[in-house]
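Given next are the chains, with one letter for each unit.
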Amino acid sequence: MSTKSPNDTQSQSVGEGESPPLDVEADEEAVDERSLGPDRIFEVLKNQRRRRTLNYLIDNDNPVTIGALAEHIGALENDTTESALTSRERKRVYVGLYQCHLPKMDDTGVIDFNKARGTIELGPTFEQFRPYLNRDDDDPLWASYYLVMTATSTLAVGLNAVLGLLSATVVLMSVLCGFISLSAIHFLHTTDRLSTVPGSIFDR
C-alpha cells in the first residue's frame, strides 16, 4: 500500500515542462514598486494637461470621473468657469484625455484609469512623481511678504516726506535694500527646495 504526501500530490499537479501557478499578489506588488527613471517621469509631466490631471486628483476625493476632470481642465484652458464651458470645448478636452493622456499616464502607473467606468484615481507610482510637481503651496505666503514690504516702504516714504527725518536718498536706498534682501531670500528658498528633488535639473 503506497501513500502520497501532500508534496508528492503537488508535484504531480505540475507536469514536466509546465510553469508553476503565478503568484498574482507578488506580481502586483512588483508592478506597484517599479522604479521609473526621470526621463519617463518628465515625459509625463511635460504636458500641461497631464500635470493638471495629477493636481486635480490630489485636490479631490478619488476616484474622479473623466467628465468632471474634462470640465475642470477645459475651464482652465479656456479661461472660463465649468458652468460656462461649451459642449465643444468640453468634448475636445474629453477626447484628448481619453485617447491620449490618460492611457499614457496609466501605463506608467501614476494613475489608474478605468475605461469601462470612466474613472481615474492616483496610481501606485504616484509618489515617484510628487517631488516633481510644483504645487506652489508657498506662493501665497511669499506674496504676503512682498505685500507687507510694499506697505511698509510706502508708509516709511510717506512719514519721511511729512516729518523730514531722513534724506529722500537714504529712505529710497533703504527700501531698495529691503526688496533686494527679500528677493534674495525667496530665490535661495526656491533653489534649496528644487535642489532636494531627486534627479532634478540641478543634478544634471
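Scroll up to find the structure this text is about.
What you are looking at is a predicted structure, and each value in this text was computed from that prediction instead of being measured.

What counts and how
Residues numbered from 1 in each chain as written. Predicted model: local features only at pLDDT ≥ 70, side-chain atom pairs only at ≥ 80, totals over all residues. Heavy atoms only, no water. Helix = DSSP H or I, 4+ residues; strand = E, 2+ residues; numbered from the N terminus. Buried < 20%, exposed > 50% of the residue type's maximum accessible area, 1.4 Å probe, protein only. Areas by Shrake-Rupley, 256 points an atom, 1.4 Å probe, with all protein chains shown as cover. Salt bridge = Lys/Arg side-chain N within 4 Å of Asp/Glu carboxyl O. Patch = residues over 30% accessible without salt bridge, like charges linked within 9 Å, V, L, I, M, F, W, Y side chains within 5 Å. Core = buried A, V, L, I, M, F, W, Y, C linked by side-chain atoms within 4.5 Å. Pairing = 2+ DSSP bridges.

**Description of the overall build of the protein**
Okay, step 1: A count of helical and extended segments in the protein gives nine helices and three strands.
Okay, step 2: Buried residues in the protein amount to 25% of all 204 residues.
Okay, step 3: For the protein, the exposed surface amounts to about 13,900 Å²; the carbon and sulfur share of it is 56%.

**Focus: the environment of G74**
Okay, step 1: When you line up the elements, G74 lands in helix α5 (residues 66–77).
Okay, step 2: Classification of G74 as buried rests on a relative accessible area of 0%.
Okay, step 3: It is 8.9 Å that separates the C-alpha atoms of G74 and K91, two residues lying 17 residues apart in sequence.

**Details of the pattern of salt bridges**
Okay, step 1: Inspection of the entire model under this criterion finds six salt bridges.
Okay, step 2: With a closest N to O distance of 3.8 Å, E43 and K104 form a salt bridge. Of this pair, E43 sits in helix α3 (residues 38–45) while K104 sits in helix α6 (residues 87–108), and the two are 61 residues apart along the sequence.
Okay, step 3: On the accessibility criterion, E43 (31% relative accessible area) is partly exposed.
Okay, step 4: For K104, a relative accessible area of 32% gives the class partly exposed.
Okay, step 5: Through salt bridges with shared partners, a single network forms among E43, K46 and K104.

**Some remarks on a nonpolar patch on the surface**
Okay, step 1: A contiguous nonpolar surface patch, about 730 Å² in accessible area, is contributed by L155, L159, V162, L163, L165, L166 and V170.
Okay, step 2: Among the elements that line the nonpolar patch, the one with the most residues is helix α8 (residues 139–163), at four residues.
Okay, step 3: Mapped onto the secondary structure, L163 falls in helix α8.

**Quick notes on the nonpolar core**
Okay, step 1: L45, L54, L97, L102, I111 and I120 are the most contacted members of the largest nonpolar core, which totals 24 residues.
Okay, step 2: Sorting the residues of this core by element identifies α3, α4 (48–59), α5, α6, β2 (111–114) and α7 (126–129) as the ones contributing at least two each.

**Remarks on the pairing of β2**
Okay, step 1: Residues I111 and F113 line the buried face of β2, whereas the alternating positions D112 and N114 sit on a face that is not buried.
Okay, step 2: For β2 and strand β3 (residues 119–122), the ladder comprises four bridges, and the chain directions are antiparallel. For I111, the partnering residue across the bridge sits in β3 and is L122.
Okay, step 3: The hairpin turn running from β2 into β3, its antiparallel successor, is four residues long, and G118 in that turn takes a positive phi close to 70°.

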